[in-house]
Amino acid sequence: MIRAIYPGSFDPVTYGHLDVIKRAAKMFDEITVCVLDNKAKTPLFSADERVKMLQDVTSDMPNVRVDSFSGLLIDYAARTGAHVSIRGLRAVTDFEYELQIAQTNKQLSHGSLDTVFLATSHEYSYLSSSAVKEIATFGGDISECVPDHIRKLVEEKYAYEHQ
Ligand code: PNS
C-alpha cells in the first residue's frame, strides 16, 4: 500500500488543488492532504477551517483524508509512515522553489521522503490561493477559482457577495 501526503497551506483550497488531489487519488492507495498550521503566519482561514473546507470538497473521494501539521514535513511524514509527498507544478517559475524543497526534504529525511510532481492541468495554471485572496480583497468574482461552497466562505471573510 502506497500512502502519499499532499502538503500545503490551502488558504483557501482552489480548483487547482482539487485537480491535483483527484489525479493523485487515482495513482496512490491513500492520500492525506495535510494543511500546514504555521503559527508564524496569519492565514485568512485557521488550520481547523482549512481542514474542514478540504474535508467538504473531498467527501466524495474515499481514499482521501485530511489532517493538519506543524513543524517539519519530514517529521509528519515519518510519524504517519508516508514516503511520498505530492506537489503541483504550475509553471517553470514554481520549479526552482519546489526543487529546493523536494531536495531539502529528501536530504533531511535521509532519502525516506521523496516528492512526486504533478503538472497542473493547464486550465488551472494561473490559479493560486494568493490570487483568490487578491481578487476577493477587491470584491471580484472568484467563482471560476474555487468550488461554490468555498467561494461563499471567502466572500464571508471579506464581507461581500459577488453579483
Ligand atoms: O501551499 P504552500 O504554502 O506552497 O506549501 C508549502 C509547504 C507547506 C509544502 C512547505 O512550506 C512545508 O512543507 N512547510 C513545513 C516546514 C518544512 O518542512 N519545510 C521544508 C524544509 S525547507
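Presented here is an overview of the structure given in this document.

Analysis parameters
Residues numbered from 1 in each chain as written. Predicted model: local features only at pLDDT ≥ 70, side-chain atom pairs only at ≥ 80, totals over all residues. Heavy atoms only, no water. Salt bridge = Lys/Arg side-chain N within 4 Å of Asp/Glu carboxyl O. Helix = DSSP H or I, 4+ residues; strand = E, 2+ residues; numbered from the N terminus. Buried < 20%, exposed > 50% of the residue type's maximum accessible area, 1.4 Å probe, protein only. Pairing = 2+ DSSP bridges. Right-handed = clockwise from strand over helix to strand, strands pointing away. Polar contact = N/O pair within 3.5 Å; in protein donor to acceptor, adjacent residues only side chain to side chain. Expected span 1.5 Å × (residues − 1). Bend = angle between axes of the 7 residues up to and from the residue. Contact = heavy atoms within 4.5 Å. Axes fitted to C-alpha atoms, helices over the stretch in contact; angles between N-to-C directions.

### Quick word on the pattern of salt bridges
- Considering all chains together, one arrives at eleven salt bridges under this definition.
- Across the pair Arg 90 and Asp 94 runs a salt bridge whose closest N-O atoms are separated by 3.0 Å.
- Across the salt bridge formed by Lys 152 and Asp 148, the nearest N and O atoms sit 3.4 Å from each other. Of this pair, Lys 152 and Asp 148 both sit in helix H6 (residues 148-157), four residues apart, which is roughly one turn of that helix.
- For Asp 148, a relative accessible area of 41% corresponds to the partly exposed category.
- Members of the salt-bridge network, linked through shared partners, are Asp 148, Arg 151, Lys 152 and Glu 155.

### Notes on the pairing of strand E2 (residues 30-36)
- With six of seven residues buried, E2 lies mostly within the body of the structure.
- Where strand E1 (residues 3-8) lies against E2, six bridges are found, and the strand directions are parallel. Residue pairing in the sheet places Gly 8 in a bridge with Val 35 of E2.
- Handedness of the crossover is the feature at issue here: the chain leaves E1, passes through helix H1 (residues 15-27), returns alongside E2, and the resulting connection is right-handed.
- Across six bridges, the pairing between E2 and strand E3 (residues 64-69) is parallel. Bridging from a neighbouring strand, Val 33 pairs with Val 66 of E3.

### Some points on the side chain of Asp 11
- Mapped onto the elements of the fold, Asp 11 is located in the loop between E1 and H1.
- Of the residues examined, Asp 11 reaches a relative accessible area of 5% and is grouped as buried.
- A polar contact of 2.9 Å, which involves the side chain of Asp 11, links it to the backbone nitrogen of Phe 45.

### Quick notes on helix H4 (residues 92-108)
- With 17 residues, H4 should reach 24 Å at 1.5 Å per residue; the first-to-last C-alpha distance of 25 Å fits that figure.
- The sharpest bend along H4 reaches about 25° and sits at Glu 98.
- Within H4, the full set of buried residues consists of Asp 94, Glu 98, Ala 102 and Asn 105.
- Next to the buried residues of H4 lie helix H3 (73-80), strand E4 (84-89) and strand E5 (114-119).
- Taken from the residues just after H4, His 110 is the one with a positive phi, measuring 55°.

### Observations regarding the sheet that holds E2
- Across the sheet, which stays open at both edges, the five strands sit in the order E3-E2-E1-E4-E5 with parallel pairing between neighbours. Sheet topology places E3 and E5 at the edges, where each strand pairs with a single neighbour. When strand polarity is set aside, the average angle formed by the axes of neighbouring strands in this sheet is 30°.
- With respect to the sheet, helix H2 (residues 47-57) is in contact with E2 and E3, its orientation differing from that of E2 by roughly 150°.
- Packed onto the sheet, H3 meets E1, E2, E3 and E4 and runs at close to 150° relative to E1.

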